[in-house]
Amino acid sequence: MAGALIAGGWGVFAGAALLVGAAVGTLFRVPAQWIALVMAFGSGVLISAVSFELVDEAYRQGGVLPTAAGAVAGATAYSVANVYLARRGARHRKRSGTRQPSEAAQPGSGNAIALGALLDGIPESVVIGTSLLGGGNVGLATVVAVFISNVPEGMASAAGMKRAGRSRAYVFTLWSVIAGVSGLAALAGYAFLGGVSGTWMAAITAVAAGAILAMVADTMIPEAFEEAHLLAGLTTVLGFLTAFVLSRAAA
């Protein structure tokens, strides 16, 4: 029980970064280019975490086939769900500009955005929970990667929601719920996946990795490039290297 609660606490901690970003995005007028640069940095951090923490761990546990199959399954599941939600108004949920539709312009888009935020956050949180299994320590690079990436997500989404006419109460309630669900997902990852074999754990880890990588490519990098343009690539590499150094230091 103690381990599950610790896992849940780490999940809430990582999810709370969305609230930090939302506070900045709604209370201050942050230039879109700055938000995009932080988004690019967060994209690089997540790509590094997927490469050196998740896919590498999945390969060591189960080999190539479960890793590849899991990653494809995760990316496919995420992409299908993302297409469904995009058609209902959540396509630009991480955009800080005026692309997010208002509820009047597209009824139900608020619920689609909320479900999209859940879709983005759950794979990251499950991985945090599973990293504690077997008495190990939570992967520092994974938690830092999720936290850093959640800040610009919260900033951009909150700024876009504000411009679409959604209230601060809606924004902060949404991210508070997501932070809570992140904790529950991390707790569930710890509580329910402890008895699975190495092959299955590899596949599950790879599913999360594939979903996260698809999310970065579909939602974070487009926002970063649109606003930051040629600086997006350099900033993404800096984020990648930062997470790489953290993962090596924690090894």
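Use the structure listed above.
What you see is a predicted model, and the numbers here were worked out from it, not measured in a lab. (Residues numbered from 1 in each chain as written. Predicted model: local features only at pLDDT ≥ 70, side-chain atom pairs only at ≥ 80, totals over all residues. Heavy atoms only, no water.)

**Details of the overall build of the protein chain**
Thought 1: Secondary structure summary: the protein chain contains eight helices and zero strands in total.
Thought 2: Along its sequence from the N terminus, the protein chain presents helices and strands in the succession α-α-α-α-α-α-α-α.
Thought 3: The buried share of the protein chain, taken over its 251 residues, is 49%. (Helix = DSSP H or I, 4+ residues; strand = E, 2+ residues; numbered from the N terminus. Buried < 20%, exposed > 50% of the residue type's maximum accessible area, 1.4 Å probe, protein only.)

**Looking at helix α6 (residues 168–192)**
Thought 1: With 25 residues, α6 extends 36 Å from end C-alpha to end C-alpha; this agrees with the ideal 36 Å at 1.5 Å per step.
Thought 2: Among the residues of α6, Val171, Leu174, Trp175, Ile178, Ala179, Ser182, Gly183, Ala185, Ala186 and Gly189 are the ones counted as buried. (Expected span 1.5 Å × (residues − 1).)

**Considerations on the packing of aromatic side chains**
Thought 1: If you walk through the whole model with that rule in mind, you get four aromatic pairs.
Thought 2: Here phenylalanine 52 and phenylalanine 244 contribute two aromatic rings whose centre-to-centre distance is 4.9 Å and whose plane-to-plane angle is 55°, an arrangement assigned as tilted. Residue phenylalanine 52 is located in helix α2 (residues 32–62), and its partner phenylalanine 244 is located in helix α8 (residues 231–250); the two are separated by 192 residues in the primary sequence.
Thought 3: Residue phenylalanine 244 is classed as partly exposed on the basis of its relative accessible area of 29%. (Phe/Tyr/Trp six-rings, centres within 6.5 Å; stacked < 30°, edge-to-face > 60°.)

**What about a nonpolar patch on the surface?**
Thought 1: A surface patch of nonpolar side chains, about 280 Å² in accessible area, is lined by Ile6, Trp10 and Phe13.
Thought 2: Residue position: phenylalanine 13 is located in helix α1 (residues 2–27).
Thought 3: Given a relative accessible area of 40%, phenylalanine 13 falls into the partly exposed group. (Patch = residues over 30% accessible without salt bridge, like charges linked within 9 Å, V, L, I, M, F, W, Y side chains within 5 Å. Areas by Shrake-Rupley, 256 points an atom, 1.4 Å probe, with all protein chains shown as cover. Salt bridge = Lys/Arg side-chain N within 4 Å of Asp/Glu carboxyl O.)

**Quick look at the pattern of salt bridges**
Thought 1: According to the stated counting rule, one finds two salt bridges in the structure shown.
Thought 2: Among the ionic pairs, aspartate 56 bridges to arginine 60, the shortest N-O distance being 3.3 Å. You can see aspartate 56 and its partner arginine 60 sitting in helix α2, four residues apart, about one turn around the helix.
Thought 3: For arginine 60, a relative accessible area of 56% translates into the label exposed.
Thought 4: The partner of glutamate 57 in a salt bridge is arginine 60, with the nearest N and O atoms 2.8 Å apart. Taken as a pair, glutamate 57 and arginine 60 lie in helix α2 at a separation of three residues, close to a single helical turn.
Thought 5: Overall, glutamate 57 belongs to the partly exposed group, its relative accessible area being 27%.

**What about the nonpolar core?**
Nonpolar side chains tend toward joint burial in soluble globular proteins.
Thought 1: Of all hydrophobic cores here, the largest spans 30 residues; its most connected members are Ile35, Leu46, Leu54, Ile212 and Met220.
Thought 2: Contributing elements (two or more residues each) for this core: α2, α5 (140–163), α7 (198–228) and α8.
Thought 3: Looking at this core, the element that brings in the most residues is α7, giving 10 residues.
Thought 4: Among the nonpolar cores identified, the runner-up in size contains 14 residues, and Ala22, Ala90, Val171 and Trp175 belong to it. (Core = buried A, V, L, I, M, F, W, Y, C linked by side-chain atoms within 4.5 Å.)

**Here's the deal with the packing of α2 against helix α3 (residues 64–90)**
Thought 1: With their axes 7 Å apart at the nearest point, α2 and α3 run at an angle of 135° to one another. Relative to α3, the element α2 is oriented oblique. Within the contact between the two elements, α2 uses Val55, Ala58, Tyr59 and Gly62 and α3 uses Val64, Pro66 and Thr67.
Thought 2: Grouping the constituent residues of the contact of α2 with α3 by class yields five nonpolar, two polar and no charged. (Axes fitted to C-alpha atoms, helices over the stretch in contact; angles between N-to-C directions. Parallel < 35°, antiparallel > 145°, perpendicular 65-115°, else oblique. Contact = heavy atoms within 4.5 Å. Nonpolar A, V, L, I, M, F, W, Y, C, P; charged D, E, K, R; others polar.)

**Regarding the environment of valine 237**
Thought 1: Topologically, valine 237 is positioned in helix α8.
Thought 2: By relative accessible area, valine 237 is classed as partly exposed at 44%.
Thought 3: Separated by 194 residues in the primary sequence, valine 237 and serine 43 place their C-alpha atoms 9.0 Å from one another.

**What to know about a positive patch on the surface**
Thought 1: Together, Arg29, Lys162, Arg163 and Arg168 line one region of the surface with positive charge.
Thought 2: By the element assignment, lysine 162 lies in helix α5.
Thought 3: By relative accessible area, which is 38% here, lysine 162 ends up partly exposed. (Lys, Arg positive; Asp, Glu negative; His and termini not counted. Charge placed at Lys NZ, Arg CZ, Asp CG, Glu CD.)

**Things to note about the packing of α3 against α7**
Thought 1: Viewed as axis vectors pointing N to C, α3 and α7 meet at an angle of 40°, and their least axial separation amounts to 6 Å. Between α3 and α7, the angle falls in the class oblique. Seen from above, α3 lies across α7 with right-handed handedness. Residues Pro66, Thr67, Gly70, Ala71, Ala73, Gly74, Ala75, Tyr78, Ser79 and Asn82 of α3 form the contact with α7, whose own contacting residues are Thr199, Ala202, Ala203, Ala206, Val207, Gly210, Ala211, Ala214, Met215, Asp218 and Thr219. (Left-handed = near helix turned anticlockwise from the far one by under 90°.)

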